[in-house]
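Geometric and topological summary
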Amino acid sequence: MTCVRFVVEADGGSRGNPGPAGFGAVVRDSAGRVLAEVAESIGTATNNVAEYRGLIAGLRALHDLGAEGEQVEVRMDSKLVIEQMAGRWKVKHEGLRPLAAEAAALAGSFRVTWRWIPREQNSHADRLANEAMDAAARGETWQAKTVSSEPAPGGPEVLSPSAEPPNVDAGPAPVKDLRRGPGWMPSPARTPTSLLLLRHGQTPLSIDKRFSGLGDPLLTPAGMAQAEAAAARLSREPYEIDVIVSSPLKRARQTAEAVAVRTGLTVEVDEDLRETDFGVWEGHTFAEVQQRWPDQLAAWLADPDVAPPDGESFAAAARRVDRARERIVKAYESRHVLVVSHVTPIKLLVRFALNAPPEALYRMHLDLACLSAIDYYADGPAVVRTLNDTAHLH
């Protein structure tokens, strides 16, 4: 069970839709104590704009408390905002996209669970929003009152309106300790560049789990079906692919083209996204390599700088894959990029994002035609969102 350390409740309203608008947000700890309240009048706006502004203000208040990296539950009575932020609904309104992007960037600093709640269970944030609008109507500016350290009515149960027991820690560390913790990063302020990583479908070599590097087999009929299943998924909401970049190898190109047909995009090729060159081991099973090249295999598994005979080391592959990552992230800043590649390049990208050691490559498993996802922030860390997702194949 996930331990919720903080809860953000946010709301916004407009008297006229559009009309005079305002927002309110409250941050609580796991015991239900109020840590921060924010509210503001924002002039003439719609309900949805005000709700997004409330969410952004709540996340900023949480950041100011030094809670980056903590488990957070965001609660709002706006079904639209919650579903869009959870990635289940597409942000179709042009005016909401910048606000949604800003909220997503802020949320990237935390481990967020998004929950819709009925309006009556969001009364605190609603009250703050109305206080801000009332103050503006009087020609005044809303002023924060003294924040109580007492739990909200009902104690910790305020954190879980469902019938299930609240899923919280026994009690949070003091906020001042959170600020002192090493490694805390400032909240990213820009929309991330999102790389959706798709492994190619099945080939004749993958059926028998043979080393498949720069050899260039085509997809099997089953592999084409896997590519089509991935393409069907990626052409629907919530995916919004702007660019497709592929390895030059045929199995990746075929997989990428299946998505291109569905999305109307073209496929760009990056040579550095190719699979590792396994040299003389190409086409052999692991058992065959172990029998014929036992010493070379042992050295290869022990040291990323060691290459297979006539092949390429993982260290060399890492350098070119990192070049590809740098080019793609720079060229398509703040956009959604589908990268179609192979086991090693995808694992390397995940390893880089996690700042994991080279041996992490042996601790990841990637199925054929699986999806993984990484967000890259210009002013913050990379965040691995998904690994080895094969829901479209079932």
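Residues numbered from 1 in each chain as written. Predicted model: local features only at pLDDT ≥ 70, side-chain atom pairs only at ≥ 80, totals over all residues. Heavy atoms only, no water.

A few points about the confidence of the model for the protein chain
Averaged over all residues, the pLDDT of the protein chain is 86; the fraction at 70 or higher stands at 88%. The low-confidence segment residues 146–189 (pLDDT under 50) makes 93 contacts with residues lying over four places distant or belonging to another chain. (pLDDT = per-residue confidence, 0-100. Contact = heavy atoms within 4.5 Å.)

Examining the sheet that holds strand β3 (residues 34–45)
Pairing is mixed across the open sheet formed by 5 strands, whose spatial order is β3-β2-β1-β4-β5. Looking along the sheet, the strands with just one partner apiece sit at the ends: β3 and β5 (111–116). In this sheet, neighbouring strand axes are inclined to one another by 20° on average, regardless of whether the strands run parallel or antiparallel. Note: strand β2 (residues 19–29) against β3, 10 bridges, orientation antiparallel. Bridge pairing in β3 links Val26 to Glu37. (Pairing = 2+ DSSP bridges. Helix = DSSP H or I, 4+ residues; strand = E, 2+ residues; numbered from the N terminus. Axes fitted to C-alpha atoms, helices over the stretch in contact; angles between N-to-C directions.)

Focus on the sheet that holds strand β6 (residues 193–199)
Read from one edge to the other, the open sheet built from 6 strands follows the order β8-β7-β9-β6-β10-β11, with strand pairing classed as mixed. The outermost strands of the open sheet, each flanked by one partner alone, are β8 (267–269) and β11 (383–389). This sheet shows a mean twist of 20° between the axes of neighbouring strands, independent of strand direction. Two strands pair when backbone bridges link them, and strand β7 (residues 243–246) and strand β9 (residues 336–341) are joined in this way by 4 bridges, in the parallel orientation.

Points about the pattern of salt bridges
If you walk through the whole model with that rule in mind, you get 25 salt bridges. For Lys79, the salt bridge is made with Glu83, and the minimal N-O distance between the two is 3.5 Å. You can see Lys79 and its partner Glu83 sitting in helix α2 (residues 79–85), 4 residues apart, about one turn around the helix. Its relative accessible area of 40% is what places Lys79 among the partly exposed residues. A relative accessible area of 8% means that Glu83 is categorised as buried. Between Glu312 and Arg320 there is a salt bridge, with the nearest N and O atoms lying 2.8 Å from each other. The burial state of Glu312 is the same as that of Arg320; both residues are buried. (Salt bridge = Lys/Arg side-chain N within 4 Å of Asp/Glu carboxyl O. Buried < 20%, exposed > 50% of the residue type's maximum accessible area, 1.4 Å probe, protein only.)

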